[in-house]
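# A closer look at the structure
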Amino acid sequence: MSGEMREITYRQALNEALAEELERDPNVFLMGEEVAQYNGAYKVSQGLLDRFGAKRIIDTPISENGFAGLGVGAAMVGLRPIVEFMTFSFSLVAFDQVVNNAPNMLTMSGGQFNIPITFRGPNGPAHQLGATHSHATECLYANFPGLKICTPATPRDAKGLLKTSIRDNNPVLVLESELLYSSKGMIEPADQELLIPLGQAEVKREGSDVTIICYAQTVPLALAAAETLEEEEISAEVLDIRSIKPLDHAAIFQSVSKTHRVVIAEQDRPYCGIGAEICFRIQNEIFDELDAPIARVSQEDVPMPYNERLEKAVLPSAKKIVAAVERVCHA
């Protein structure tokens, strides 16, 4: 087994995960809009049609509710469908299938049906796609029992979490980031299997003065902010939660107990958001460890503008994270 790490893109990591799981298990198949003939809207499924054929790499009509329901039915009879949404904003068309059928079938059937289905695709704001194509759906889906949700921010996490999700016997949402598809990172050798458990956070950067809790698109922003803060002699720990549900409470509590200050950077809007839940868990379980109020950096609570300057003003940024850290450290 080779011991050399290699550099690949986020997009390539997802492609490798799909290919490996399709090769490993004949019950796995991929379907979605343009995943076959066009090699995927974002080229994540590049080459899979030629390798695995049209019975396992399936182009669908523009009918998210229809093909998501087909996936749920396929999972009920023992297959392991991977359903790609061209954007998770389009998953709202399939809302009934994703939140009403997939997560409830196990309980409502009295345990007769597992639903081993993976819903995947780009989630959250990209670049000038307007309000209807920029939804960050994580807090929406996290509200429903029976769904697991992961948010990979690096190529390594993208591959390891996607492979684990496909093998899970429950419905899993893999919320990818369109802005990260071309980002690069180091990953294990091709001949070494990579599986990352759901519900396991990772410290992306060690620090001692403040914990920046982040996920998905906000991870590189938090790392950039930490570099800037180092010049101000503020040591920021960057904790990537990686999974929204299950959430790694132990890792969060351990980091906060170490630094005693918290900034939460989230890609979604603040109202009823992931950051609000994390805030509650921290203050409920380890309130005495806090030396300052928790700060949050998120989208502004408005529909996403198309205008580039307005879009930048609405989105979280490294500069906004730096400002939030400065507030909690000087409180």
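Please read these numbers as outputs of a predicted model, since none were measured by experiment.

### Description of the state of the cysteines
Tallied over the entire structure, the rule returns zero disulfides. Lacking any disulfide linkage, Cys139 is separated from the closest cysteine sulfur, that of Cys272, by 7.6 Å. Accessibility expressed as a relative area gives 22% for Cys139, which makes it partly exposed. Accessibility expressed as a relative area gives 58% for Cys272, which makes it exposed.

### As for the domain arrangement of the protein chain
What the domain assignment reports for the protein chain is domain 1 (8–187) and domain 2 (202–326). In this assembly, domain 1 packs against domain 2 so that about 2,200 Å² is buried in total across both faces, 51% of it on carbon and sulfur atoms. Summed over the three residues of domain 1 that lose the most area to domain 2, namely Pro125, Gln128 and Thr151, the buried surface amounts to 25% of that side. On inspection of domain 1 and its partner domain 2, the count reaches two salt bridges. Between Asp157 and Arg242 there is a salt bridge, and its shortest N-O distance comes to 2.9 Å. Inspection of the region where domain 1 meets domain 2 yields 14 residue pairs in polar contact (both at pLDDT 80 or more). Among the secondary structure elements, those contributing two or more residues to the side of domain 1 that touches domain 2 are helix H6 (138–142), strand S6 (148–150) and helix H7 (155–167). In terms of residue class, the side of domain 1 that touches domain 2 is made up of 17 nonpolar, eleven polar and four charged.

### Quick word on the packing of aromatic side chains
One pass over the full model with this rule turns up eight aromatic pairs. Ring geometry for Phe95 versus Tyr141: centroids 5.9 Å apart, planes at 40 degrees, classification tilted. Residue Phe95 is located in helix H4 (residues 95–101), and its partner Tyr141 is located in helix H6; the two are separated by 46 residues in the primary sequence. Given a relative accessible area of 26%, Phe95 falls into the partly exposed group. By way of ring pairs, the aromatic residues Phe67, Phe85, Phe88, Phe95, Phe119, Tyr141 and Phe144 are connected into one cluster. Its guanidinium or amino end placed over the ring of Tyr38, Lys43 lies 3.5 Å from that ring's centre, counting from NZ or CZ.

### A few points about the sheet that holds strand S13 (residues 262–265)
The five strands lie next to each other as S9-S11-S10-S13-S14, forming an open sheet whose pairing is mixed. Both outer strands of the open sheet, strand S9 (202–205) and strand S14 (295–297), are each paired with one neighbouring strand and no more. Strand after strand, the sheet turns through a mean of 25 degrees between neighbouring axes, direction not considered. When S9 meets strand S11 (residues 236–240), the two strands line up antiparallel, connected through three bridges. Within S11, the residue paired with Val203 across the bridge is Leu239. With respect to the sheet, helix H9 (residues 249–259) is in contact with strand S10 (210–214), S11 and S13, its orientation differing from that of S11 by roughly 175 degrees.

### Description of the environment of Ala276
For Ala276, the position within the fold is in helix H10 (residues 274–286). You can call Ala276 partly exposed: its relative accessible area is 31%. Each C-alpha atom, one on Ala276 and one on Asn114, is 31 Å from the other, the two residues being 162 residues apart in sequence.

### A look at the sheet that holds strand S3 (residues 57–59)
In spatial order, the strands read S3-S2-S4-S5-S7-S6-S12; together these seven strands make up an open sheet with mixed pairing. With one partner strand each, in any of the chains shown, S3 and strand S12 (243–245) form the two edges of the open sheet. This sheet shows a mean twist of 20 degrees between the axes of neighbouring strands, independent of strand direction. Where strand S2 (residues 28–32) meets strand S4 (residues 80–84), five bridges bridge the pair, whose relative direction is parallel. Bridge pairing links Met31 to Val83 in S4. Its contacts with the sheet place helix H3 (residues 64–76) against S2, S4 and strand S5 (118–122), and it is angled at close to 165 degrees to S4.

### Considering the pairing of S10
In terms of residue burial, S10 counts as a mostly covered element, since five of its five residues are buried. Alternating positions in S10 separate into two faces, Val210, Ile212 and Cys214 on one and Thr211 and Ile213 on the other, with burial throughout. For S10 and S11, the ladder comprises five bridges, and the chain directions are parallel. Within the sheet, the bridge partner assigned to Thr211 lies in S11 and is Glu237. Taken together, S10, helix H8 (residues 218–231) and S11 form a β-α-β motif whose crossover is right-handed.

### Some thoughts on H3
Compared with the 18 Å implied by 1.5 Å per residue over 13 residues, the 18 Å span of H3 between its first and last C-alpha is a close match. Among the residues making up H3, those that are buried are Glu64, Phe67, Ala68, Gly71, Val72, Ala74 and Ala75. Buried residues of H3, seen end-on, are gathered within an arc of 165 degrees and therefore sit on one face of the element. Residues of H3 that are buried in the fold lie against S2, S4, H4 and S5. Backbone geometry just downstream of H3 places Gly78 in the positive-phi region, at approximately 105 degrees.

Cut-offs applied
Residues numbered from 1 in each chain as written. Predicted model: local features only at pLDDT ≥ 70, side-chain atom pairs only at ≥ 80, totals over all residues. Heavy atoms only, no water. Disulfide = S-S within 2.5 Å. Buried < 20%, exposed > 50% of the residue type's maximum accessible area, 1.4 Å probe, protein only. Domains from an automatic or database assignment. Buried area = accessible area lost by both parts, 1.4 Å probe. Salt bridge = Lys/Arg side-chain N within 4 Å of Asp/Glu carboxyl O. Polar contact = N/O pair within 3.5 Å; in protein donor to acceptor, adjacent residues only side chain to side chain. Helix = DSSP H or I, 4+ residues; strand = E, 2+ residues; numbered from the N terminus. Nonpolar A, V, L, I, M, F, W, Y, C, P; charged D, E, K, R; others polar. Phe/Tyr/Trp six-rings, centres within 6.5 Å; stacked < 30°, edge-to-face > 60°. Lys NZ or Arg CZ within 6 Å of the ring centre and 35° of its normal. Pairing = 2+ DSSP bridges. Axes fitted to C-alpha atoms, helices over the stretch in contact; angles between N-to-C directions. Contact = heavy atoms within 4.5 Å. Right-handed = clockwise from strand over helix to strand, strands pointing away. Expected span 1.5 Å × (residues − 1). Arc of directions from axis to C-beta.

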